[in-house]
Each structure stands twice: as C-alpha cells, then as structure tokens.
Amino acid sequence: MSRRNLLRGAAVGAGAVALPALLTACSSGPGGDPKNIKLGSNSSDAVPKKAFADAFAAYEKQSGGRKIKVNTVDHNSFQENINRYLQSDPDEVFMWFAGNRMQYFAKKGLLYDISDLWQDYKGFTPALKAQSTGADGKQYFTPYYYYPWAVFHRKSVFAKHGYQAPKTLDEYIALAKQMKKDKLVPIGSCDKDGWPAMGTFDYINMRTNGYDFHKSLMAGEEAWTDKRVKDVFDTWRRLLPYCQPSANGRTWQETGQSLQKREIGMVVLGMPHPGQQFPAAERSDIDFFPFPEINPEHGQDAVEAPIDGFLLAKKSKELKNKKSMESAKDLLKWLATPRAEDIYLAGDPNNIAVNSGADLSKYTALQKKSAQLIAGAKQISQFMDRDTRPDFASTVMIPAIQKFLSTPNDVDGLCNDIERQKKTIFASE
Amino acid sequence: MALNTARRSARRGRRRFTRRDLVVLGLLLGIPVLLDIAIVWGPTLASVVLSFTSWDGVGAIKWVGTQNYANLFTNYPPFWPAVRHNLLWLGFLGLVSVPFGLLLAVLIDRGVRFSRFYQSTLYMPVVLSLAVVGFIAQLVFSRDQGVLNALIGNTKNPTDWLGDPKLNIWMILLAAAWRHTGYVMILYLAGLKAVDPSLKEAAAIDGASEAQTFFRVVFPTLRPVNVIVGVITVIESLRAFDIVYAVNHGRNGLEVLSVLVTDNIIGEASRIGFGSAIAVVLLAVSMGFVVTYLVQEIRGEKSR
C-alpha cells in the first residue's frame, strides 16, 4: 500500500465525517414554510413573555392560518449574541431596540429595509420615525412600545412620611437626608448587570449639560476628560452617600424587590423594572417623579425612553422566499396597529404604546403619567448603550461605571481611562 | 497472528505492515490528525493572524500590525487584573485545593467512619457544571439575600461578598476549589487504592512512622497521579470562565482572560482582532505550562 493510498483512505474517512453536515446544510435551502413565521424574542422575563404570547395568539387568530414560532432567548444572552445571530441563521422577525443600536446593524447590511411598510403606518410621531430610520434615511424598525426612566417610589411610603416629589437636586438631596432619618435607605442602587447605573449617568449628564451634549458625547465627538463629564461624576458622588451601598453586587431585580419591601425610598430605573417586581395587587402603589433639575438652563427637558420593536433579519433564509416575506411583513403591519399594542399592554402594564391610536382608557394611572411625561419632553434619549456604539458601551463603559461605583474618588483617572479607550474604539472605523 | 505477520515481514526487511494494517492505521491516525488540524490548529492559527487585524465580524478585515497588543498592554484596564487572577487561580487551586484533596483522600483511604458518605458528598460538586456552582455561590454569597450573611447574623451592615472587588475573587476561588477538591480527591483515592499494601507493611516492619511511610513510600508511588492532578489543575485555572460568567460576567474584580476574550468577540459589536490578541496571550501562557510539562516529562522518561 502506497502513501498515496493511505492518504486517500484518510481523506475518504474524513469525508464520511464531514458529509452528513454538508448534506443537512444543503437540504433546508431557501424556502421554509410560509405559514410559519419564526420570531426571535429577547423577552425572557415572565410578564412580557406572557403578554407577547397573548399578542401573537391574537395575530394568529385573524391571520388566516399563519402561525408564529417564537424562539425566546434569555434577554442578556440575546443581546450578547445579536451580531452572530444576525449573521448566521436568524429568525425572520426579531425583537430589538431603536436608535443607534438599530442603525449600527442597518449600516452593516443585516436588516431588511421596510420603508414601503412605513408609508402605510399610521399613528407614529416624527420622533418615532427618526428613531426607526437608519443613517441612509430608510426605515428598518417597527416600534411597539416604550417606557420612561424616572425616579420610582411607593405612593404609600411617600404618603406615610409626608414626602414631596423633589423638583431640584437640592430638594432631592434634602429628601434623601430625611429618608435616612426615617430609617430608609434613600436611593436604590444596582449595577451587577452592568447597565442599570447608566440611566443615572445619563440623567445627571442631560440635566447638567443638556441633551445635545449627551448626543455628541455618545457619538464620540466630545472628550470624556472634559470638565462637563467630570461634573457629572462629581454630582453623582454627592449622591452616593444616600445610595444603597455595594451596587455592584446587586441585580436590578433585587433592588426592585427592596423597593417593594419598603426598604429603599426611591430608585432610578425604567418603568418595567420595579413594575415586574411588584405583585399585581401592589402595582397601583408605584409612582414616579422625573429626575430632578440640576441646571436651570436645561430644566427637566429630556426624558430617557427606550423604544423596543420588531425588525426583519436580512440574512434569514426564509425571507428569500416571497411568500414567507409576505407573511413576515403582514405580521409587522399588524404589530404596528394600535390594537396589537393594546393586547400586549393588557398583559404588561409596565410599558406604554407608541401608537397614538392606542386605547388610553385602559391605562393605569402610572401609564397615563408616563405617557404625559414623554409627551411633555422636549427631547427623548434612548439609553447610554443604545445611544452609543455597542462595543464602546459594553467593553469600556460597563467596567468604568462599575469602577466608579466601587472606588468613586479617582474621577480624573477614570475619565482619562475612558477617553484613551474611546479614541482607539472610535478610530477603528 | 498479527505478531507472526509482523515478524515475517520484518525478516523480509521491506514492508513492516500489511495492507490492512496500513488502512487501519491511516483511518485511525489520519482522521484524528485531519480533524485536529481542521478544528484545533486551523482556528488557532486564524486567531493568531486575526490578532494583527481589526475586524468587526461583518465588514472588511484591516491589517493593523501589533497595534492590538500595544493597546492591550497599555490601554485596557481589565487586562492586567485578568492575568493576575488567572495566576492567582492557579496558585490557589494548586496550593490549597490539591493538598486538601490529597488529605481527604488519605483520610478516606484509611477508612474513617462513614467514609463512603464523605466520599460521595465531597465528590458531588464535581458532577455539577461550574456555571451551576456559580449560581449556588450566588445563593450563598449574595449580599441582600444570601445564606452566608443570614447565618453569621450580618444583617445590619452586610458584607458584599460578590460585589466587593477586594473580596469577590476569593469567594469565587472558594467555590471553584469546592469543586476541584472533590475531583482531586477521587483521583488520589484511585491512586492510593493501587498502592501495593506490602510496601506499607514493609515500611511498618522497618519501623517507619505513619508520616514517614506516607511521605517516603506511598507518595513517591503516586507520581503518575500527581502528574495528572498537576495537568488538570493547570487546565482548570487557565480555562476558568463559567463560574465568574455566571456570577457577574467576569467584571468588577472577577476578570479572567477567557472572559475578556468572549467579551470582545461575542459581544453585540465584536472587536474580533482585539479579542484574538487576548486569546493569543492566553495561548502563550498555556503553551508556557505545556512546554515546561512536556520537557520535564521527556527528561523524566530518559532518566528512568
């Protein structure tokens, strides 16, 4: 037996191992079943998961035999794998966020242009359209709901101690001092997940320096060593003595539960976060006030209100099939209707509808107040990790903010660190 | 029969293997080698090459030379803590967990009462994945709702075992060692069962004390087990990942190299070039251990 034969034998053997994989790769091809719409979901928490199931069931009922197959992935894992997901074999429709984080993938050519659908969409404000539009001026995103970030607290606790919602930072600190005297931990604080504390940074920044500065800072156009950024951290440091200690060891769920158990007085979070930690009977006790004013020039103009919604994944094999594409678009059209949002919100009253035609009569008091807050806002920001590059937010800002929370004294060193890393990341494109 | 053919062909001096031997050899050796090249060395080389580029996983690959490495060593705050933590991990498992596992193995081997019970209890964590150990660690060490703070009555001003960057690495090391000790114990237990009892008897007749018998007679015969334990300890420490990832994604005091690699490569926007550079550093560190080990083994073979 010659060496060549031996190699040939080995090659055949290797082929026998690889062949089945190749065959399965070929067999599915473009197509799939147009009656089945695959939908990638990041709603792994119980309340929204159930509410989405209700909404999809309602769609199936009126769709004439179409079925939605939901692939739910843990919220954080979905986020971390989104790049891989969109490139390999994504579901036809998937849930994601508006703003920069959507534009980033639109720019990479991973999203399907739905400008044609947008021509028929009704009930969305120009601001919503702007947040659904990519850098090339085309629409990629169907907004579904949003929710404001604010300072949440329990009505009953405020009533019991006679607290008033503070308007300015000084009043906020005075209130915190009073809470301390009343044996409450004044301000809830959690950042084990890495993102919740970003909301506090955003608000202090927008109240101190305004929305435009926030936008350009997030776009990498301002230096993090700027005095204005250091002011933000300095103000935050003034609040730290009133915050729950050891934020880095606590998840947002645990802080939500502390609020529910009346251990903390108030907390800066998004509306669904405390909402999901309260038993249904106690939800009417949740209240909020907008983050207090710091610089009168900017007042309380800006509201942080991230928008979630649905997109079509361009690399999805099924979308190469015309009929499947029709089904997917039909689903998006339905999801953009006010009725679709009403059904969802009936199951998850911790968000508010984006469509102006949605039925406000069933809103809870908290939802009504949220809708007013957003309607009255001069500017709407998304969230730090939705307003800047994802790689910057996750590899630089998460560790930086956690470091600030555990060792808040070296602001200069921290800002230098951020700025140096920001330069290399933003230069990479 | 096979022996016969081999001898006959050897006498002929030309072919040492029959055709069938060659086919079997080719299949059994060739396929693994090809697979090894395809799924181990291919990606390894690809990582090395990618570490000199900048790539976001979608767009064009851009050549940037050693910039990633310069950036890594001077401008990436989590990097040096991660290196330190990996080495600490190695030191802790090697110097605390391994000796402790050996001690337990010796105790159980001597037949303390309920030794079966101890054996299975101590081995139990080994069947759990490290991610599960991570979740259990959170139940125990969580600041507000953990068992430990409740047990020590530390509710007024609780210790933040997992959130305090000065403390959390030690808590995680404890959790990792909890699992590793059982693993080490089982390996040593198997080794101890294989020690010829007559050796111990001989030592006892010669008047050796218990300690002397162990260190001079029994321990040297455990050399093969020591090697295995050494190897798995190095592997466990360098690939440390799941447990810290389950606890807080390897941030805030729990940085390890493998997490930094995934943070950069798997994340929402990938910095694949930069992540590869970290992976190459991890590869270099592992190679350091592997090469030292191989050199020692080969020298040992020769001297024996």
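Residues numbered from 1 in each chain as written. Chains lettered and ligands numbered in written order. Predicted model: local features only at pLDDT ≥ 70, side-chain atom pairs only at ≥ 80, totals over all residues. Heavy atoms only, no water.

**A word on the overall build of chain B**
Check the secondary structure of chain B and you find 14 helices and two strands. Here chain B has a C-alpha radius of gyration of 25 Å; the compact-globule value for 304 residues is 19 Å, and the former is much larger. Across its three principal axes, chain B shows a C-alpha extent of roughly 75 × 60 × 30 Å. Put simply, chain B has 304 residues, and 42% of those count as buried. Relative to all contacts within chain B whose residues are 6 or more apart in sequence, the contacts with residues 24 or more apart total 65%. Of the roughly 17100 Å² of accessible surface on chain B, a fraction of 68% belongs to carbon and sulfur atoms. Across chain B, the mean location of the 28 positive side-chain charges is 12 Å away from that of the 18 negative side-chain charges. (Helix = DSSP H or I, 4+ residues; strand = E, 2+ residues; numbered from the N terminus. Rg over C-alpha atoms; globule rule 2.2 N^0.38 Å. Buried < 20%, exposed > 50% of the residue type's maximum accessible area, 1.4 Å probe, protein only. Contact = heavy atoms within 4.5 Å. Areas by Shrake-Rupley, 256 points an atom, 1.4 Å probe, with all protein chains shown as cover. Lys, Arg positive; Asp, Glu negative; His and termini not counted. Charge placed at Lys NZ, Arg CZ, Asp CG, Glu CD.)

**Some details on the overall build of chain A**
A count of helices and strands for chain A gives 19 helices and twelve strands. By the compact-globule yardstick of 22 Å for 429 residues, chain A fits well, its C-alpha radius of gyration being 24 Å. Considered along the principal axes of its C-alpha atoms, chain A spans approximately 85 × 55 × 40 Å. Across the 429 residues in chain A, those meeting the buried criterion constitute 56%. In chain A, the proportion of contacts linking residues at least 24 apart, taken out of those at least 6 apart, comes to 76%.

**Concerning the interface of chain B and chain A**
Facing 42 residues of chain B, the contacting portion of chain A comprises 47 residues. Summing the contributions of chain B and of chain A, the shared interface buries around 3700 Å²; its carbon and sulfur component is 48%. Of all residues in chain B, Asn 75, Arg 251 and Glu 268 of chain B give up the largest surface area on contact with chain A, accounting jointly for 20% of the area buried on that side. Counting the contacts that link chain B with chain A gives two salt bridges. (Buried area = accessible area lost by both parts, 1.4 Å probe. Salt bridge = Lys/Arg side-chain N within 4 Å of Asp/Glu carboxyl O.)

**Considering the packing of helix H10 (residues 210-221) of chain B against helix H11 (residues 223-238) of chain B**
All names here are of chain B. Interhelical geometry of H10 versus H11 gives an angle of 65 degrees and a closest axis separation of 5 Å. Here H10 is positioned roughly perpendicular relative to H11, judged by the angle of their axes. Residues Phe 219, Pro 220 and Thr 221 of H10 pack against Arg 223, Pro 224 and Asn 226 of H11. Tallied by class, the residues present in the contact of H10 with H11 amount to three nonpolar, two polar and one charged. (Axes fitted to C-alpha atoms, helices over the stretch in contact; angles between N-to-C directions. Parallel < 35°, antiparallel > 145°, perpendicular 65-115°, else oblique. Nonpolar A, V, L, I, M, F, W, Y, C, P; charged D, E, K, R; others polar.)

**Remarks on the nonpolar core**
Ranked by size, the top nonpolar core spans 132 residues in total, and within it Phe 94, Tyr 172, Phe 201, Trp 224, Trp 236 and Phe 310 of chain A carry the most contacts. The element that contributes the greatest number of residues to this core is helix H18 (residues 390-406) of chain A, accounting for nine residues. With sequence-adjacent residues up to four places away left out, Trp 236 of chain A is seen in contact with Ala 197, Thr 200, Phe 201, Ile 204, Ile 401, Phe 404 and Leu 405 of chain A. If you look at the next biggest cluster of nonpolar residues, it comprises 23 residues, including Leu 130, Phe 141, Ala 177 and Val 256 of chain B. (Core = buried A, V, L, I, M, F, W, Y, C linked by side-chain atoms within 4.5 Å.)

**So, unusual backbone geometry**
Phi is positive for Arg 262 of chain A, which is not a glycine, with a value near 65 degrees. Its place among the elements puts Arg 262 of chain A in the loop between helix H12 (252-260) and strand S7 (264-270). Notably, Asn 252 of chain B is not glycine yet its phi reads approximately 50 degrees, a positive angle. The topology assignment puts Asn 252 of chain B in the loop between helix H12 (242-248) and helix H13 (257-266). Assessed through its relative accessible area of 8%, Asn 252 of chain B is described here as buried.

**Notes on the pattern of salt bridges**
Residue and element names in this part refer to chain A. Under the definition given, this model contains 30 salt bridges over all chains. Among the salt bridges present, the one from Arg 238 reaches Asp 170, with a minimum N-O distance of 3.7 Å. Within this pair, whereas Arg 238 is found in helix H11 (residues 227-239), its partner Asp 170 is found in helix H8 (residues 169-181), the two being separated by 68 residues in sequence. Exposure remark for Arg 238: the relative accessible area of 45% places this residue in the partly exposed category. For Asp 412, the salt bridge goes to Lys 230, with nearest N and O atoms at 3.3 Å.

**Things to note about the sheet that holds strand S4 (residues 142-146) of chain A**
Residues and elements named next belong to chain A. The six strands lie next to each other as S2-S1-S3-S10-S4-S11, forming an open sheet whose pairing is mixed. The outermost strands of the open sheet, each flanked by one partner alone, are strand S2 (67-72) and strand S11 (352-353). Taken together, the six bridges between strand S1 (residues 36-41) and S2 define a ladder with parallel strand orientation. Bridge pairing in S2 links Ser 41 to Thr 72. In the packing of helix H14 (residues 322-335) onto the sheet, the strands contacted are S1, S2, strand S3 (93-97), S4 and strand S10 (307-312), and the crossing angle to S10 comes to about 160 degrees. Of the strands in this sheet, S4 and S11 touch helix H15 (residues 338-347), which is tilted by about 35 degrees from S4. (Pairing = 2+ DSSP bridges.)

**Notes on the environment of Trp 89 of chain B**
Residues and elements named next belong to chain B. Among the structural elements, Trp 89 can be located in helix H4 (residues 79-109). Since its relative accessible area comes to 2%, Trp 89 is described here as buried. The spatial distance from the C-alpha of Trp 89 to the C-alpha of Glu 236 is 8.7 Å, given a sequence separation of 147 residues. Contact partners of Trp 89, with chain neighbours within four places excluded, come to Ile 169, Ile 172, Leu 173, Ala 176, Glu 236, Ser 237, Ala 240, Ile 243, Val 244 and Val 256.

**Here we look at the confidence of the model for chain B**
Low pLDDT means the predicted coordinates in that region are not meant to be read closely. Residues and elements named next belong to chain B. Averaged over every residue, the pLDDT of chain B is 87; residues scoring 70 or more account for 94%. When pLDDT is averaged over each element of chain B, H4 comes out on top at 93 and helix H1 (residues 2-12) at the bottom at 49. Here the prediction assigns the complex a pTM of 0.82, and the interface score ipTM is 0.79. (pLDDT = per-residue confidence, 0-100.)

**Topic: the side chain of Arg 101 of chain A**
One can find Arg 101 of chain A in helix H4 (residues 100-107). Those residues in contact with Arg 101 of chain A that sit more than four places away from it in its chain are Gln 79, Trp 96, Asp 385 and Arg 386 of chain A together with Glu 268 of chain B.

**Re the sheet that holds strand S8 (residues 286-289) of chain A**
Residues and elements named next belong to chain A. The strand order across the open sheet formed by four strands is S6-S7-S5-S8, and the pairing between neighbours is mixed. Of all strands in the sheet, those with a lone pairing partner are strand S6 (185-188) and S8, marking the two edges. Looking at each pair of strands side by side, their axes are set apart by 30 degrees on average, direction ignored. Bridge count for strand S5 (residues 149-154) against S8 is four bridges, and the pairing is antiparallel. In the sheet register, Arg 154 faces S8, and the bridge partner there is Ile 286. This element, H8, spans S5, S6, S7 and S8 of the sheet and lies at about 135 degrees to S7.

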